[in-house]
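# Per-entry structural report
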Amino acid sequence: RLQCRRIILGNPLIAVTMLKHDMNAGLFVPVEVLVRGIEGGGCEVGYVVPSSLIVGSSKLDEGSDSNGKGELKKAAEMLDRKLKALCRWI
């Protein structure tokens, strides 16, 4: 029988960094990972890249950095890298 687990994880320090720039980021942190067993052994890991959600929600590509959107984008991209590294480790 194959199994599937949804894991919700996060680092409060990263979340706070993002939230101080845009409270809407709270919709996307902590992040969620889906780990699914595959036939023959091993697992498959799925997740949505956090910055893609945050960038779309916060309209970071509009070019205005006067309200800290650049810092939010940096924090979201750091979260992307950390999540990618974790999933590779799994």
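Structure: above.
Source: prediction; values computed, not measured.

Those residues of helix α1 (residues 12-19) that fall on the buried side of the exposure criterion are Ile14, Ala15 and Met18. End-on view of α1: buried residues confined to an arc of 100°, all on one side of the axis. Exposed residues pointing more than 90 degrees away from the buried face of α1 are listed as Pro12, Leu13 and Val16. Measuring from the side-chain oxygen of the N-cap residue of α1 to the backbone nitrogen of Leu13 gives 2.8 Å; that N-cap residue is Asn11.

This brings us to the environment of Arg5. Among the structural elements, Arg5 can be located in strand β1 (residues 4-9). Each residue touching Arg5, except ones within four places of it in the same chain, is listed here: Val33, Leu34 and Val35. Engagement of the side chain of Arg5 in a polar contact is seen with the side chain of Gln3, the distance being 3.1 Å.

Across the sheet, which stays open at both edges, the three strands sit in the order β1-β2-β3 with antiparallel pairing between neighbours. This sheet does not close on itself; its edge strands, each paired only once, are β1 and β3 (43-47). Within the sheet, the average angular offset between the axes of one strand and its neighbour, ignoring direction, is 20°. Here strand β2 (residues 31-37) runs beside β3; their pairing, made up of five bridges, is antiparallel. Among the inter-strand pairings, Leu34 is bridged to a residue of β3, identified as Gly46.

Now for the packing of α1 against helix α3 (residues 69-89). Orientation of α1 relative to α3, taken along the N-to-C sense of each, is 155°, at an axis distance of 8 Å. In terms of axis orientation, α1 runs roughly antiparallel to α3. Crossing of α1 over α3 shows left-handed handedness. Contacts from Ile14, Thr17 and Met18 of α1 reach α3 at Leu72, Ala75, Ala76, Met78, Leu79 and Lys82.

Rules behind the numbers
Residues numbered from 1 in each chain as written. Predicted model: local features only at pLDDT ≥ 70, side-chain atom pairs only at ≥ 80, totals over all residues. Heavy atoms only, no water. Buried < 20%, exposed > 50% of the residue type's maximum accessible area, 1.4 Å probe, protein only. Helix = DSSP H or I, 4+ residues; strand = E, 2+ residues; numbered from the N terminus. Arc of directions from axis to C-beta. Polar contact = N/O pair within 3.5 Å; in protein donor to acceptor, adjacent residues only side chain to side chain. Contact = heavy atoms within 4.5 Å. Pairing = 2+ DSSP bridges. Axes fitted to C-alpha atoms, helices over the stretch in contact; angles between N-to-C directions. Parallel < 35°, antiparallel > 145°, perpendicular 65-115°, else oblique. Left-handed = near helix turned anticlockwise from the far one by under 90°.

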